[in-house]
Amino acid sequence: MDATKYQLPESALPERWYNIQADLPSPMQPILHPGTGEPVGPDDLAPLFPMALIAQEVSQDAEIPIPEPIRDVYRLWRPTPLYRAHRLEQALGTRSRIFYKYEGVSPAGSHKPNTAVAQAYYVKQEGRSRISTETGAGQWGSAIALACRLFDLECKVYMVKVSYEQKPYRRSMMRTWGAEVVPSPSEDTNAGRGILQEHPDSPGSLGIAISEAVEDAATREDTAYSLGSVLSHVLMHQTVIGQEAIAQLEEAAAYPDLVVGCVGGGSNFSGLVFPFLREHFAGREVDVLACEPAACPTLTRGPFAYDFGDTSQLTPLVPMHTLGHDFVPAGIHAGGLRYHGMAPLVSQLVLDGLVRAEAYTQNDVFASAVTFARSEGIIPAPEAAHAIHGSVLAARAADEEGRERTILFNLSGHGHFDLGAYDAYLAGELEDVALPEHEIERALKAIEPLPKPALAG
Ligand SMILES: Cc1ncc(COP(=O)(O)O)c(C=O)c1O
């Protein structure tokens, strides 16, 4: 029987991040200044981000060295294990081989610290002393709170109010690592106060929380803004995942013909698949699948268009698949996948036909999550469960076609703070929300006046 777990020594920790921009078949569309409609330059972004990250955002170098202090923190949990899902395969009765890379072993419980640590390092290097950010369900907030602690930075987290109330333990983690956490919309920013005035009972949304965190950083010199997904440098920091996976699969004498990840803003997906796409550009075939919730079907039902990254229209215009910046997704339990937009890099790869996407309803996703938990043991984050479900469907389809596939998916985090969602599923109380076309059409009206990208798919 083949091994169950493939672990690399610390000495195999990647020394470079892979920057897919160097190899893209079509160039990225520029990010635009909303006032002028012109591409944004480094000076526009400097109030928010350290120069090193702005340089990474537009770099065309295929590889960027990972500074040693970042690798030193990565060593706390990296390289992460790669598993062969023998027991899941048995439970499904599939002839396909299924592997998964497990990012839930980080202290925060997900892939998010891979970029949080890098971002905190560069903020510190540049001499700022504080980071502001937003968080939905709290995964990103806890990652950045941890990273700020390790690099001795202050941290303020605007947490979507409904999660702040429903997920007190993520809040506790952030505070244990020393961060200040406020429910968003808050009284601390103009954006927050404006929304509270109109909607005193607003449950908040990621778009609103981003507006607050951006305003916070833009109005204080000591503060940088930090985003947990979407931006190209964030996706690049995650590529340690795929690089390790390639080395681990070599030990298993395997290579995937299907690589699967869930997509919220696109970072864990990109972290796993970009190094495989690099192989693909060099001639090694691979099928790449992005899994999203049917309640927030950005890639499968949203157009490729320019849109704001936030609700209050404070960010630059980003070329991406979007449902419109005032689209508020239904309150599904995969909080990290409730974002109206998608990383420009992932959006571009979908346009170019290198990545395909599927959308699933949450009861189906939880059914696969429970099958996984009962066979492999790990209780997955609801976000990651989308990748499990995509893999399960692919294995079943392969069996029906009489094919044997080698499937690799990213298990981006554990679900230990999402047990309320499991309770609801097990009690048969989870709702599958249908998203009517007219709701998407309504939300997309908000982007009609905005500039259109040159390549619209
Ligand atoms: C465990 C987990 N997976 C996936 C995501 C989605 O984000 P991304 O698409 O950037 O990986 C999140 C976001 O919070 C998350 O917590």
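Residues numbered from 1 in each chain as written. Predicted model: local features only at pLDDT ≥ 70, side-chain atom pairs only at ≥ 80, totals over all residues. Heavy atoms only, no water.

## Side note on the sheet that holds strand 11 (residues 287-293)
Pairing between sheet strands relies on hydrogen bonds along the backbone, with the strands arranged either parallel or antiparallel.
And then number 1: Reading across the sheet, the seven strands line up as 1-4-5-15-10-11-14 and stay open at both edges, with mixed pairing between neighbours. With one partner strand each, in any of the chains shown, strand 1 (5-6) and strand 14 (356-360) form the two edges of the open sheet.
And then number 2: Two elements, strand 10 (residues 258-262) and strand 11, share five bridges in a ladder whose sense is parallel. Paired with L258 across the two strands is D287, which belongs to strand 11.
And then number 3: Contacting strand 1, strand 4 (82-84), strand 5 (97-102) and strand 15 (406-411), helix 12 (residues 240-251) runs over the sheet at an angle of about 140 degrees to strand 5.
And then number 4: Its contacts with the sheet put helix 17 (residues 382-401) on strand 5, strand 10, strand 11, strand 14 and strand 15, and the angle it makes with strand 15 is roughly 170 degrees. (Pairing = 2+ DSSP bridges. Helix = DSSP H or I, 4+ residues; strand = E, 2+ residues; numbered from the N terminus. Contact = heavy atoms within 4.5 Å. Axes fitted to C-alpha atoms, helices over the stretch in contact; angles between N-to-C directions.)

## Quick notes on the packing of aromatic side chains
And then number 1: Counting across every chain of the model gives 12 aromatic pairs.
And then number 2: Here the aromatic rings of Y74 and W77 are separated by 6.2 Å at their centres, their planes lie at 70 degrees, and the arrangement is edge-to-face. For the pair shown, Y74 and W77 are each scored as buried.
And then number 3: Among the aromatic residues, ring-to-ring pairing joins Y83, Y100, F372 and F409 into one connected group. (Phe/Tyr/Trp six-rings, centres within 6.5 Å; stacked < 30°, edge-to-face > 60°. Buried < 20%, exposed > 50% of the residue type's maximum accessible area, 1.4 Å probe, protein only.)

## Here's the deal with the packing of helix 16 (residues 362-376) against helix 18 (residues 419-426)
And then number 1: Packing of helix 16 against helix 18 leaves a shortest axis separation of 11 Å and a crossing angle of 105 degrees. By the angle between their axes, helix 16 is roughly perpendicular relative to helix 18. In contact with N363, F366, A367, A369, V370 and R374 of helix 16, helix 18 contributes A421, Y422, Y425 and L426.
And then number 2: Of the residues that constitute the contact of helix 16 with helix 18, the class distribution is eight nonpolar, one polar and one charged. (Parallel < 35°, antiparallel > 145°, perpendicular 65-115°, else oblique. Nonpolar A, V, L, I, M, F, W, Y, C, P; charged D, E, K, R; others polar.)

## Notes on the site of the ligand
And then number 1: For the ligand, the set of nearby residues contains 17 residues, the closest of which are S229, G264, S267, N268 and S412.
And then number 2: H111 places a side-chain nitrogen or oxygen 3.0 Å from an oxygen atom of the ligand.
And then number 3: The contact in question runs from an oxygen atom of the ligand to an N or O atom on the side chain of S267, over 2.7 Å.
And then number 4: Each residue belonging to the shell around the ligand can be placed in one class, and the counts come to four nonpolar, 11 polar and two charged. (Near = heavy atom within 4 Å. Polar contact = N/O pair within 3.5 Å; in protein donor to acceptor, adjacent residues only side chain to side chain.)

## Some thoughts on helix 5 (residues 113-125)
One full turn of an α-helix is made of 3.6 residues, so residues set three or four places apart face in the same direction.
And then number 1: The end-to-end C-alpha distance of helix 5, which contains 13 residues, comes to 18 Å, matching closely the 18 Å that a straight helix rising 1.5 Å per residue would cover.
And then number 2: Burial analysis of helix 5 places 11 of its 13 residues in the buried class, the great majority of the element.
And then number 3: Of all the positions in helix 5, only P113, N114, T115, A116, V117, A118, Q119, A120, Y121, Y122 and V123 are classed as buried.
And then number 4: Looking one or two residues beyond helix 5, the residue adopting positive phi is G127, at roughly 95 degrees. (Expected span 1.5 Å × (residues − 1).)

## Some remarks on the side chain of H86
And then number 1: Relative to the elements of secondary structure, H86 occurs in helix 4 (residues 86-92).
And then number 2: Taking relative accessible area as the criterion, H86 reaches 8% and is therefore assigned buried.
And then number 3: In this structure the side chain of H86 is engaged in a polar contact, spanning 3.0 Å, whose partner is the backbone oxygen of D2.

## Here we look at helix 16
And then number 1: Taking 1.5 Å of rise per residue, the 15 residues of helix 16 would be expected to cover 21 Å, and the 20 Å separating its terminal C-alpha atoms lies within 8% of that figure.
And then number 2: Residues Q362, V365, F366, S368, A369, V370, F372, A373, S375 and E376 constitute the buried set of helix 16.
And then number 3: In the stretch just after helix 16, G377 is the one whose phi turns positive, near 100 degrees.

## Re the environment of R95
And then number 1: Relative to the assigned elements, R95 resides in the loop between helix 4 and strand 5.
And then number 2: Separated by 304 residues in sequence, R95 and D399 have C-alpha atoms that sit 6.5 Å apart.
And then number 3: Setting aside residues up to four positions removed in sequence, R95 forms contacts with D399, G402 and E404.

The analysis is restricted to geometry; functional conclusions fall outside its scope.
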